[in-house]
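Single-letter residue listing:
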Amino acid sequence: MHILFLNPNTSDAMAEIMAMEARRIATPDTRIDVASAPFGSEYISTRGEAVVAGHALLSALAQNFDGHDVVIVGAFILPAVTAAAKEMCPVPLMATGEAGLAAATLLGQSISILSIGSPARRMTEETVAATGLAERVVSIRDIGLTGTELTQDQARADATAIALAKAAVEEDRADVVVLGAGSMEGMAARIQPDLPVPVISPVGAAVCMAEMIYRLGLPKPAAGSYSKPSGIAMAGLDPALTKLFRGD
């Protein structure tokens, strides 16, 4: 199968971190292409940045979706970034965040999320609400490190994540822990031996679910809230995105 992995920010370093995890998990016959947003912010941490990222994601989708069976968006935050892409995409599309949380529901009743923290924390809370899992997410614990710090000082990041995850298990009674940022990808395999509950890699979960969707032959919905775009005229967009809005 052929997966398109879209990074909604402009950081090629972040895209590579997520792509490495995706390819590590994928089966040998799965091909993964990666594309980053053509404009916008290097990292998404505020609602304004997320809105711009949503537009950039649509442009990247329009330019790259052709020839792919499933699209994965490397984003934990959902409403502002990925809802429109799910509606517009001609093939099944999922975000890593929703895949990670969905996988967590199969492994435990109580879920804890490790988040980068303020200001992105509020959007993580909104993501939980959007997935309908507010009653099952017992805590969101902030790791307190930037995306750069997470990737450049893995020993410190791993130690901090282990301590937070153990606290989530002991104090919040979490059954499963979900990593809540793309910059944490690769961490799950490193810290799992030190923790008594499953640690979910959202990118890994998304790849496995994309392969499942493909094997089951499931299409993108042709009716309902994620049906084909209306075809209304759009102005001022790049040609590929204009064509996608027409539903060509």
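- Naming follows an unreviewed UniProt entry, where the protein chain appears as Aspartate/glutamate racemase family protein of Litorisediminicola beolgyonensis.

**Here's the deal with the packing of aromatic side chains**
For step 1, the next point in the chain: Evaluation of the coordinates by the stated rule reveals 0 aromatic pairs.
For step 2, the next point in the chain: The lysine or arginine in question, Lys86, covers the ring of Tyr226, its NZ or CZ lying 6.0 Å from the ring centre.

**Some thoughts on the environment of Asp172**
For step 1, the next point in the chain: Position of Asp172 among the secondary structure elements: in helix α7 (residues 154-172).
For step 2, the next point in the chain: Along the chain, Asp172 and Ile140 lie 32 residues apart, while their C-alpha atoms are 9.9 Å from each other.
For step 3, the next point in the chain: Ignoring sequence-local partners within four residues, the contact set of Asp172 consists of Val138, Ser139, Arg141 and Ala167.
For step 4, the next point in the chain: Side-chain polar atoms of Asp172 contact the side chain of Arg141, separated by 2.8 Å.

**What about the packing of helix α2 (residues 47-64) against helix α3 (residues 79-88)?**
For step 1, the next point in the chain: Running from N to C, α2 and α3 point in directions that differ by 30°, and their axes come no closer than 7 Å. As far as their axial angle goes, α3 and α2 are roughly parallel. Regarding α2 and α3, the two cross each other, and that crossing is right-handed. Contacts between α2 and α3 involve Ala50, Gly54, Leu57, Leu58 and Leu61 from the former and Ala80, Val81, Thr82, Ala84, Ala85 and Met88 from the latter.
For step 2, the next point in the chain: When the residues that make up the contact of α2 with α3 are grouped by side-chain class, the tally is 9 nonpolar, 2 polar and no charged.

**Considering the confidence of the model for the protein chain**
For step 1, the next point in the chain: Residues of the protein chain with pLDDT of at least 70 account for 100%, and the chain-wide mean is 92.
For step 2, the next point in the chain: The least confident element of the protein chain, judged by mean pLDDT, is helix α6 (residues 147-152) at 76; the most confident is strand β8 (residues 199-200) at 98.

**Focus on the layout of surface pockets**
For step 1, the next point in the chain: The computed volume of the largest pocket comes to approximately 480 Å³.
For step 2, the next point in the chain: Around the largest pocket, the lining is made up of 30 residues, and of these Tyr43, Ile44, Ile116, Ala181 and Gly182 lie nearest the centre.
For step 3, the next point in the chain: Elements with a contribution of two residues or more to the lining of the largest pocket: α1 (12-25), α6 and α9 (202-216).
For step 4, the next point in the chain: Looking at the lining of the largest pocket residue by residue, the classes come out as 14 nonpolar, 15 polar and 1 charged.
For step 5, the next point in the chain: Looking at the lining of the second largest pocket, the elements that each hand over two or more residues are β4 (93-95), α4 (96-107) and α9.
For step 6, the next point in the chain: For the lining of the second largest pocket, the per-class residue count stands at 12 nonpolar, no polar and 3 charged.

**Quick word on the sheet that holds strand β3 (residues 70-73)**
For step 1, the next point in the chain: Spatial ordering of the open sheet is given by β2-β1-β3-β4, a layout of 4 strands whose pairing is parallel. The open sheet has two edge strands, β2 (31-36) and β4, and neither has a second partner. Ignoring which end each strand starts from, the neighbouring axes of this sheet average 20° apart.
For step 2, the next point in the chain: As defined by bridge partners, β3 adjoins β4 across 3 bridges and the pair is classed as parallel. For Ile72, the partnering residue across the bridge sits in β4 and is Met94.
For step 3, the next point in the chain: Most of the contacts of α2 go to strand β1 (residues 2-7), to which it runs at about 155°, and overall it touches β1, β2, β3 and β4.

Rules used throughout
Residues numbered from 1 in each chain as written. Predicted model: local features only at pLDDT ≥ 70, side-chain atom pairs only at ≥ 80, totals over all residues. Heavy atoms only, no water. Phe/Tyr/Trp six-rings, centres within 6.5 Å; stacked < 30°, edge-to-face > 60°. Lys NZ or Arg CZ within 6 Å of the ring centre and 35° of its normal. Helix = DSSP H or I, 4+ residues; strand = E, 2+ residues; numbered from the N terminus. Contact = heavy atoms within 4.5 Å. Polar contact = N/O pair within 3.5 Å; in protein donor to acceptor, adjacent residues only side chain to side chain. Axes fitted to C-alpha atoms, helices over the stretch in contact; angles between N-to-C directions. Parallel < 35°, antiparallel > 145°, perpendicular 65-115°, else oblique. Left-handed = near helix turned anticlockwise from the far one by under 90°. Nonpolar A, V, L, I, M, F, W, Y, C, P; charged D, E, K, R; others polar. pLDDT = per-residue confidence, 0-100. 1 Å grid on protein atoms, 1.4 Å probe; cavity = no way out; pocket = protein on both sides within 12 Å on 5 of 7 lines; lining within 4 Å. Points joined across faces, edges and corners; volume = space filled by probe spheres on them. Pairing = 2+ DSSP bridges.

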